[in-house]
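Structural features, examined
Listed here are the chains, written in short residue letters.
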Amino acid sequence: MSGFLRVAAIVPSVRVADFGYNAEQIIALMTRADGAGVEVACFPELCLTAYTCQDLFAHELLIDQAETALLRVMEFSRSLPRLITIVGLPILYGDRLYNCAAVVHQGRLCGIVPKTYLPNYKEFYEQRWFASADTLPADAEVLICGQSVPISPQLLFHTEYCTFAIEICEDLWAPIPPSSYHALAGAEVIFNLSASNELIGKATYLHSLIAGQSARSLCAYVYSSCGYGESTQDLVFGGHALVAESGRFLAKGQRFSMQPQIITADIDLNAIRLDRRVNTTYAHSSAHNHVADHYRTIDIDMTEMQTGQSSLQRIVDPLPFVPAGNALDERCEEIICMQSEALAKRIEHTHAKTVVLGISGGLDSTLALLVCVHAFDRLQMDRRGIIGITMPGFGTTDRTYTNALDLMKGLGITIREISIREACELHFRDIGHDGKTHDVTYENVQARERTQILMDAANQMGGFVVGTGDLSELALGWATYAGDHISMYGLNASIPKTLVRHLVSWMARTIADDYSAKTLLDIVATPISPELIPADEDGNITQKTEDLVGPYELHDFFLYHTLRYGRRPATIYALARMAFDGHDDRVPVYEEDVIKHWLQVFFRRFFAQQFKRSCLPDGPKVGSCSLSPRGDWRMPSDACSTAWLDECAKL
């Protein structure tokens, strides 16, 4: 798929100083990698000789045989034109030996990267055999395998699809790793050839280094470390194979495997590029990269590269806002604390005696109410200062009305009931509406009447109105302008609908008493509706939001990839097809034509409804995405959606 790069961290079995065997193992694994669609494969440090050769590194025969083994790998690479291979070996430059990574493609050496930081403490004594990359001339080239090749730690390898760079083992452990400069110079992917030995607890620290470096440098990091076959005379090597992207791991191999490993992952290059574009700190740092001018760029012709393949190996999460497993409980607790702290600050700052909110028996008002209770408890304020107002209208059903009352009673807040029927009927007469035509005016009159009641009640009781609308509704414009679109503090403004449901469920399971928990679970099970159209003859909801604007799990998926990664419709569509293919039982399967239809609806509404988002009330950002004009999203209300809708139409 366009914008993704398939990489491999490969751990071969080796024999110490058995150059022919090691080359054969590498060649066999190159073949397997190519068959798996890999585009760049990384092998461990000094894999052509083995890392543990010790004083044998000084022998002329070893150096010559390592070159011969490299030549075999180069010759074989002619048969794999779609694969770039990175292997480790010692290379002689002048009278100094360097611990190097060689980049091989289509029978040629593209460049050689020597190791900068040579560990010479405790069990390490690499300076006994190797020289640091710092000792090389800036424009150094080495004659090897019949080619004159650039040899430098400051090489960028550029293809049509991506730019990558290399560092070796200890380089990562330095206070300022070379990869920091590589990334600032333009490398999107860093490959690390390593031979780090195993110690108790060391793996955890290594993982934190890799995750941290990929996050700090806004890059992908591919790490391959030597394993079975290295000498265990004094050390043990576990064979790490790891791929991280912007702070999270995409793939991890099995440590201590006695079999060769190929760990593959698809790197999202577009996500990395977007993060770098919008992160002004990254751009500022790039401007101060004092070594950037010393880099040499090596162009690699990858016209036959497999990027653009139709499927990805990475799992596409259909609920990107909703973590799975134990992480969901942690996320819910964190969000509730953030929301309640934000609300508590607003209460203290305004010296409010009360907070006022409309309670409909729906998900959003339920979440807002639960957060209000949490904030009042933290402030040690009487819950009766929370004024919950139920405002029955023409579409209110017994189920939601009863749930609203039961919830407020169970939580011990102040309950008020103010019917909007009579006021709306009077307004219909004032504006000449028959009150029977269920059009947008009919609906919006009710929403604006409810907002007026809340605002005036807040003035009356020395408080402010807590808004209940969520991020998904803001994205789709599913709110009445100057109605439920307005409040004095938009508590749920950065929480998408898919997460609202889980937050309410979590509070039912973990915080609420048995009486309230039963009510909360029924609210979760109730169809989402604004209840502005009368119920059917059996008292059931007739106006179901998802029948009108589409499934929220689809819209939240579209929203996440639009805001977080700036993806184009074609990419979102392709990812959605993978996300909703049935691999995750948390969501239903959606056919391609259904995804396409609602994607068009999403972009049409997203562009058309910006005017509502341009004047949002204050509200806390608690997640990775926000539509506040003072936060993540600034967009003109009259921006044209033509290009986005045209691409949707061509899917």
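Above this note sits the structure.
Because the structure is predicted, anything quoted here is derived from the model rather than measured.

Before going further, it helps to examine the sheet that holds strand E4 (residues 96-105). Taken in spatial order, the six strands line up as E5-E4-E3-E2-E1-E14 in an open sheet, and their pairing is mixed. With one partner strand each, in any of the chains shown, strand E5 (108-114) and strand E14 (261-268) form the two edges of the open sheet. Geometrically, the sheet is characterised by an average inter-axis angle of 30° between neighbouring strands, direction not taken into account. Here strand E1 (residues 4-11) runs beside E14; their pairing, made up of eight bridges, is antiparallel. By the bridge assignment, Arg6 is partnered in E14 with Asp266.

Pairs of aromatic rings are described using the distance from one ring centre to the other and the angle between the two planes. Going through the model one piece at a time under the given rule, you end up with 23 aromatic pairs. Aromatic side chains Phe602 and Phe603 sit 5.2 Å apart centroid to centroid with 80° between the ring planes, which places their arrangement in the edge-to-face category. Note on accessibility: Phe602 and Phe603 belong to one class, buried. With 4.8 Å between their ring centres and 50° between their planes, Phe607 and Trp644 make a pair best called tilted. Here Trp644 lies in helix H20 (residues 642-649) and Phe607 lies in helix H18 (residues 592-608), a separation of 37 residues in the sequence. When the ring centre of Phe606 is taken as origin, the NZ or CZ atom of Arg613, which lies over that ring, is 4.4 Å away.

On to the side chain of Ser214, then. On the secondary structure map, Ser214 appears in helix H4 (residues 202-216). Contact partners of Ser214, with chain neighbours within four places excluded, come to Cys219, Tyr221, Ala244, Glu245, Ser246, Gly247 and Arg248.

Here Ser494 is to be found in the loop between strand E20 (489-490) and helix H13 (497-510). For Ser494 and Glu348, which are 146 residues apart along the polypeptide, the C-alpha to C-alpha distance reads 22 Å. Those residues within four positions of Ser494 in sequence are excluded, and the remaining contacts are Leu471, Pro620, Lys621, Val622, Gly623 and Cys625.

The rules behind these values
- Residues numbered from 1 in each chain as written.
- Predicted model: local features only at pLDDT ≥ 70, side-chain atom pairs only at ≥ 80, totals over all residues.
- Heavy atoms only, no water.
- Pairing = 2+ DSSP bridges.
- Helix = DSSP H or I, 4+ residues; strand = E, 2+ residues; numbered from the N terminus.
- Axes fitted to C-alpha atoms, helices over the stretch in contact; angles between N-to-C directions.
- Phe/Tyr/Trp six-rings, centres within 6.5 Å; stacked < 30°, edge-to-face > 60°.
- Buried < 20%, exposed > 50% of the residue type's maximum accessible area, 1.4 Å probe, protein only.
- Lys NZ or Arg CZ within 6 Å of the ring centre and 35° of its normal.
- Contact = heavy atoms within 4.5 Å.

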